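Observations on the three-dimensional arrangement
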Amino acid sequence: GDTAQVDLTFGTPAQAQRIVDRINGIHDHVNGQLSAATGIFAAGTPYSARDGRLIVWVHATLVESLILTYEQLIGPLTAQEKDDYAADSAWLARELGAPGDIVPTDAAGVAAFMREMRARGEICVGDDARGMAEALLSPKIMLAAPAFWVSGLITIGMLPDDLRRAYGFAWDDRR
């Protein structure tokens with residue numbers, strides 16, 4: 001929740017370590033095999049949240065998304081600010097088990113990692129991802145509908161065109 005983010009960012013080393021330990025404990029239980037072929041991955045391909053390369057992918061996605069969101073909603077960042085953010089956040093990926101030599105520590109490294117993942121077809125949208133996106137972007141409480149609509153619109157709008165189409169999200173000039 002919000003407290004965890006504050007503790008990771010501004011807390012003491014002991015507070016941050018408690019959050020890291022909690023995330024690692026959750027990651028210990030996130031594993032299995034793909035039930036259906038998805039992109040370049042055959043049905044039965046094993047996955048684990050403890051996979052170092054997947055941890056780097058999540059890290060790079062968060063760095064890329066937060067920079068993009070900031071620039072779209074608040075204002076431009078300098079190249080140095082983007083590099084500083086990537087460098088300052090790299091410690092968490094390493095603490096979660098990513099090999100330090102593959103964790104990007106500047107904005108160009110994040111962009112290159114994401115380009116490579118997409119070029120190899122490792123980033124793909126399958127039925128499970130579509131179902132999760134629908135659950136995350138559809139409000140269950142009607143009073144929350146306007147907030148979910150706005151955040152969903154922003155989320156969908158910032159996706160690359162090919163991924164937006166793969167999810168089946170409609171997009172046009174009005175949106």
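Structure: above.
All values reported here derive from a predicted model rather than from experimental measurement. (Residues numbered from 1 in each chain as written. Predicted model: local features only at pLDDT ≥ 70, side-chain atom pairs only at ≥ 80, totals over all residues. Heavy atoms only, no water.)

1. Brief notes about a nonpolar patch on the surface
A contiguous nonpolar patch, built from Trp57, Val58, Leu62, Leu66 and Tyr85 and spanning about 430 Å² of accessible area, is present on the exposed surface. The biggest single contributor to the nonpolar patch is helix H3 (residues 52-73), with four residues. Relative to the assigned elements, Val58 resides in helix H3. Under the relative-accessibility criterion, Val58 is labelled partly exposed at 40%. (Patch = residues over 30% accessible without salt bridge, like charges linked within 9 Å, V, L, I, M, F, W, Y side chains within 5 Å. Areas by Shrake-Rupley, 256 points an atom, 1.4 Å probe, with all protein chains shown as cover. Salt bridge = Lys/Arg side-chain N within 4 Å of Asp/Glu carboxyl O. Helix = DSSP H or I, 4+ residues; strand = E, 2+ residues; numbered from the N terminus. Buried < 20%, exposed > 50% of the residue type's maximum accessible area, 1.4 Å probe, protein only.)

2. Observations regarding H3
A rise of 1.5 Å per residue sets the reference length of H3, with its 22 residues, at 32 Å; its end C-alpha atoms lie 31 Å apart and thus fit the reference within 8%. Considering only its buried residues, H3 is in contact with helix H4 (79-95) and helix H5 (107-119). For H3, the side-chain oxygen to backbone nitrogen distance between the N-cap and Arg53 is 2.8 Å, and the N-cap itself is Asp51. (Expected span 1.5 Å × (residues − 1). Contact = heavy atoms within 4.5 Å. Polar contact = N/O pair within 3.5 Å; in protein donor to acceptor, adjacent residues only side chain to side chain.)

3. A short note on the side chain of Asn24
Checked against the element boundaries, Asn24 lands in helix H2 (residues 13-27). According to the relative accessible area criterion, Asn24 is buried, its value standing at 13%. For Asn24, the side chain forms a polar contact with the main-chain oxygen of Glu95, separated by 3.4 Å. Sequence-distant contacts of Asn24, defined by excluding residues within four places in its chain, comprise Arg50, Glu95 and Leu96.

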